[in-house]
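Analysis of the macromolecular model
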Amino acid sequence: MQATAEIAGRISTISVSSTMKVAADAEKLRREGADVVDFGAGEPDFPTPDNIKKAAIDALAANFTKYTNAGGTVELREAICERHRTDFGTNYNSSECMVTVGGKHAIFNLIQALVNPGDEVIIPVPYWVTYKDVVNYAGGVCIFVETDENTGFEVTAAMIERHLTPRTKLVIINSPSNPSGSVLSKEEFRAIYNLTSKRDIFLLTDECYCQFLYNDPPFSIASVPGSKETVVVAGSLSKTYSMTGWRIGFALAPTPIIGAMTKLQSHSTSNPTSIAQKAAVEAMRGPQDSVPVMLAEYRRRRDFVLERLRSISGVSIVTPKGAFYAYPNISVAFKSGRIKNSLEFANELLAQEKVAVVPGEAFGTTDHVRISYATSMTELARGLDRVHKFIDGLRA
Ligand SMILES: Cc1ncc(COP(=O)(O)O)c(C=O)c1O
């Protein structure tokens, strides 16, 4: 018997994460000795701040190396609620909070806990790649809301309203957005909340990049009075504190939903790593000064990337207002007919120029690629020179 025939049907509802695939392809070339410039990884290039690392070392020394509560220690859950309160003026308590193995796991748990087969989930395009697979895995139906590059890829309440049906269970908002860097205005976010709460539709706000905003102060829709009943927050320490490998995320939601998610987690991963949880307490309660330092550096890089991309004739790009991604429209490169979409663009760019970018197909558009500028200025300059050369070559 063929092993593939034995694989459960629900696995075929999900696909390999495109960002992971790009990372694997780039890594393979690198191992073969190629000089690869990697714009694929959505990962800060800064080290985790020393105070956070020290808290983990102290935890090890104190033998804090055993199981904790499946949903995370009370200490960390309280620290997360305190930080969210300080940053955004919310008022969650530890029974409305759980710690997860990264923000992705919070989203997975939330969607599995909320979405029944046939339930509709509204996802604005371009979207972070994981949402659609996790919804499909739950048997839900993704309802994609197209946004327009000419209006900064911003989704509006009116656009969402046109897609609501009696089966709509959940709306997912990611502001700042991965991949476009678009940021919802407070007013629009509130309008979306008003729309969903009136109809008892859940609003999942993915706050993974909430501290990395270039124009506005950080904002959480969960700070709107009364919003706790229908708003569910997915948070992550990965980007804010450059802790991607530590795998600590969290969810803030009504207690019954946290209970359902914790039950699921208790039968899958159990608790997130005990040592990482202690480090996370320090991240939440310790000095926050590394965050503005990273933000200032991302701003410098963003401005550089924008300038370089805009110097390539025919390439357009929306100015990212947050996160650390640029999402240029590279469809000018299709004119020669030698490549037809962003998937072919990304494959050829990697093969010919050894630059890794993520094709827009991963995020629901075909004319764009995602460039992560969470990498050094030297790498950005080297890689963007190659991108320029590649596009000019297609024009010749
Ligand atoms: C939009 C968005 N949400 C959530 C995550 C999850 O991050 P993590 O699982 O590392 O906390 C990511 C990571 O890239 C992301 O881009």
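Everything discussed here concerns the structure shown above.
Nothing here was measured: the structure is a model prediction, and the numbers come from that model.

**A look at the site of the ligand**
- In the region of the ligand, 15 residues are neighbours, and Gly103, Asp206, Ser236, Ser238 and Lys239 sit closest.
- Here a nitrogen atom of the ligand sits 2.6 Å away from a polar atom, N or O, in the side chain of Asp206.
- Between the ligand and Ser236, the relevant distance is 2.6 Å, taken from an oxygen atom to a side-chain nitrogen or oxygen of the residue.
- Summarising the interface, the protein chains cover 92% of the accessible area of the ligand, which totals 390 Å² for the free molecule.
- The biggest single contributor to the shell around the ligand is helix 4 (residues 103-114), with three residues.
- Tallied by class, residues from the shell around the ligand come to five nonpolar, six polar and four charged.

**A look at the side chain of Lys239**
- Along the polypeptide, Lys239 turns up in the loop between strand 7 (231-236) and strand 8 (249-252).
- Of the side chains with opposite charge, Glu43 comes closest to the buried, unpaired Lys239, at an N-O distance of 7.2 Å.
- One polar contact links Lys239 to Tyr209, side chain to side chain, over a distance of 3.2 Å.
- Beyond its immediate stretch of four places on either side in the chain, Lys239 contacts Gly42, Pro44, Cys208, Tyr209, Phe212, Met294, Phe324 and Tyr325.

**What to know about the pattern of salt bridges**
- Counted according to the given criterion, the structure contains 25 salt bridges.
- The closest approach of N and O atoms between Glu82 and Arg285, which form a salt bridge, is 2.8 Å. Within this pair, whereas Glu82 is found in helix 3 (residues 74-88), its partner Arg285 is found in helix 9 (residues 274-285), the two being separated by 203 residues in sequence.
- Judged by its relative accessible area of 40%, Arg285 is partly exposed.

Thresholds, definitions, all that
- Residues numbered from 1 in each chain as written.
- Predicted model: local features only at pLDDT ≥ 70, side-chain atom pairs only at ≥ 80, totals over all residues.
- Heavy atoms only, no water.
- Near = heavy atom within 4 Å.
- Polar contact = N/O pair within 3.5 Å; in protein donor to acceptor, adjacent residues only side chain to side chain.
- Areas by Shrake-Rupley, 256 points an atom, 1.4 Å probe, with all protein chains shown as cover.
- Helix = DSSP H or I, 4+ residues; strand = E, 2+ residues; numbered from the N terminus.
- Nonpolar A, V, L, I, M, F, W, Y, C, P; charged D, E, K, R; others polar.
- Buried < 20%, exposed > 50% of the residue type's maximum accessible area, 1.4 Å probe, protein only.
- Lys, Arg positive; Asp, Glu negative; His and termini not counted.
- Salt bridge = Lys/Arg side-chain N within 4 Å of Asp/Glu carboxyl O.
- Contact = heavy atoms within 4.5 Å.

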